[in-house]
Amino acid sequence: MFSSLKVRNYRLFFIGQVVSNTGTWMQRIAQDWLVLSLTGSATAVGITTALQFLPMLLFGLYGGVLVDRLPKRPTLLVTQTSMAVTGLALAALTLTGHVEVWHVYVAAFAVGLATVVDNPARQTFVTEMVGPDQLQNAVSLNSANFQSARLVGPAVAGLMITGVGTGWAFLFNGLSFVAPIAGLLLMRARDLHAVERAPRGKGQLREGLQYVAGRPELIWTIVLVGFVSTFGFNFPVYLSAFADDVFHAGAGSYSLFNTLMAVGSLSGALLAARRGTARLRVLVAGAVAFGTLEIVAALAPSLWLFALLMAPIGMFGMTVNVTANSSVQLSTDPAMRGRVMALYMMVFMGGAPLGAPIAGWITDAYGVRAGLAAGGAIAALAAVVIGLVLARVGNLRLTVGWNRGHPVVRFVPRKRELLATVG
């Protein structure tokens, strides 16, 4: 389960990301709560989320082209430093009492711009640190890392918000980037796996799109991730509204929802690391379960039942994330990985600018229960349809049977009929 941590460079990277990810989650919680307290609007929270992910939607593919051309470690040093500066600036505005909602909008957009390059660079740099044999394990541990920080970050953020205010959470996030920057500087360049960088040239963006379009296992996986992320992953909008409007609780309950979801997500990431292989049937089944559980959570009558459902929702959501991420990377030629992962991250993260304002509008107009149920229904339906498409492309058929008294649904290869000719 932890085999890739034997690699020194990856171990440095992993430790640095634990600290930085904790700060990132603290800032996310503080940012959403600050916007809600300044405006009282779920739509404003949705706009903040949209602005943070809008650059990925607009410029994500160009970021992938740059990542395929540039050396990964120096690129990450620049992007991590720029995000640290943004966090410190927002902390200064908040702690001095001068923060306004447009400041948060600008900070969210600035972080989004850095993420355009930072995200595909971090995703593809994993291969250089651990090599192809450990890629699946390292991708899963990256997700476990992120979710471990998600366990600590929201809890600490909740305490900070209620105790000393949101500005200290922003300050911690800005300072937390010291850890990954130090880790990058301490790495041994000679231990990195050499990956040939793409030369400058015309048509590289189009080349990346054509590469994905010609491979059904890539394009349909990315399409499914797009539906799930756009309509199912709008938790900053849903959870803050459930805490404030439905259950009339404070920042502590919002933090609890995020923490319990992180428990499930961490479990999902560790299970993915243990599996060792990325299978599309696991992806489709995870997406169906994820969407179905969101519908159930939308109908939950009490705070505690809703909170308990966050754990399995987090587990299946992480199953979708890790399985899709690793299957796309393992199915892609190394020379194209930056562009393909940029497209993947553009769809995964860039769906938020489309989904978050819609989710915020439905929440304000019809209630958060309707918004969460609609998002879950769309995610589950998309998973079923795309699962059937992938089965048809792979010449598979759906079978339903029983095993020890339990129903079993799976895809199996179609039997080819042999035509015999009698001479």
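All values reported here derive from a predicted model rather than from experimental measurement.

Visitor: Hey, could you run me through the packing of helix 1 (residues 8-39) against helix 2 (residues 42-69) in this one?
Guide: Helix-helix packing: each pair is described by the crossing angle between the helix axes and the interaxial distance. Here helix 1 crosses helix 2 at 140°, and the two axes come no closer than 8 Å. In terms of axis orientation, helix 1 runs oblique to helix 2. For the crossing formed where helix 1 meets helix 2, the hand is right-handed. Counting all contacts with helix 1, which are made through Gln31, Asp32, Val35, Leu36 and Thr39, the residues of helix 2 involved are Ala42, Ala44, Val45, Thr48, Thr49 and Gln52. Of the residues belonging to the contact of helix 1 with helix 2, the class tally is five nonpolar, five polar and one charged.

Visitor: Honestly, the pattern of salt bridges in this entry has me stumped. Any pointers?
Guide: Side chains carrying opposite charge are able to pair once their charged atoms draw close together. Scanning all chains against the criterion turns up five salt bridges. Arg122 is the partner of Asp118 in a salt bridge, and the nearest nitrogen-oxygen pair spans 2.7 Å. Highlighted residues: Asp118 and Arg122, both in helix 4 (residues 101-130), separated by four residues, approximately one helical turn. Classification of Arg122 as partly exposed rests on a relative accessible area of 21%. For Glu207, the salt bridge goes to Arg339, with nearest N and O atoms at 3.3 Å. One end of the pair, Glu207, is in helix 8 (residues 204-213); the other, Arg339, is in helix 14 (residues 337-350), and 132 residues separate them in sequence. Linked by salt bridges that have partners in common, Asp68, Glu207 and Arg339 make up one network.

Visitor: Looking at this structure, how should I read the packing of helix 1 against helix 6 (residues 166-176)?
Guide: The interhelical angle for the contact between helix 1 and helix 6, taken along N-to-C directions, is 150°, at an axis separation of 8 Å. In this view, helix 1 runs roughly antiparallel relative to helix 6, as classed from their interaxial angle. Seen from above, helix 1 lies across helix 6 with left-handed handedness. Where helix 1 abuts helix 6, its residues Val19, Ser20, Thr22, Gly23, Thr24, Met26, Gln27, Ala30, Gln31 and Leu34 lie against Thr166, Ala169, Phe170, Phe172, Asn173 and Ser176.

Visitor: Can you walk me through the confidence of the model for the protein in this structure?
Guide: One rule of thumb: low pLDDT means the predicted coordinates there are not for detailed reading. Here the protein averages 82 in pLDDT, while 89% of its residues score no lower than 70. For the protein, per-element mean pLDDT is lowest for strand 2 (residues 406-413), which scores 55, and highest for helix 7 (residues 178-186), which scores 94. The low-confidence segment residues 416-423, where pLDDT is below 50, has one contact with residues more than four positions distant or belonging to other chains.

Cut-offs applied
Residues numbered from 1 in each chain as written. Predicted model: local features only at pLDDT ≥ 70, side-chain atom pairs only at ≥ 80, totals over all residues. Heavy atoms only, no water. Axes fitted to C-alpha atoms, helices over the stretch in contact; angles between N-to-C directions. Helix = DSSP H or I, 4+ residues; strand = E, 2+ residues; numbered from the N terminus. Parallel < 35°, antiparallel > 145°, perpendicular 65-115°, else oblique. Left-handed = near helix turned anticlockwise from the far one by under 90°. Contact = heavy atoms within 4.5 Å. Nonpolar A, V, L, I, M, F, W, Y, C, P; charged D, E, K, R; others polar. Salt bridge = Lys/Arg side-chain N within 4 Å of Asp/Glu carboxyl O. Buried < 20%, exposed > 50% of the residue type's maximum accessible area, 1.4 Å probe, protein only. pLDDT = per-residue confidence, 0-100.

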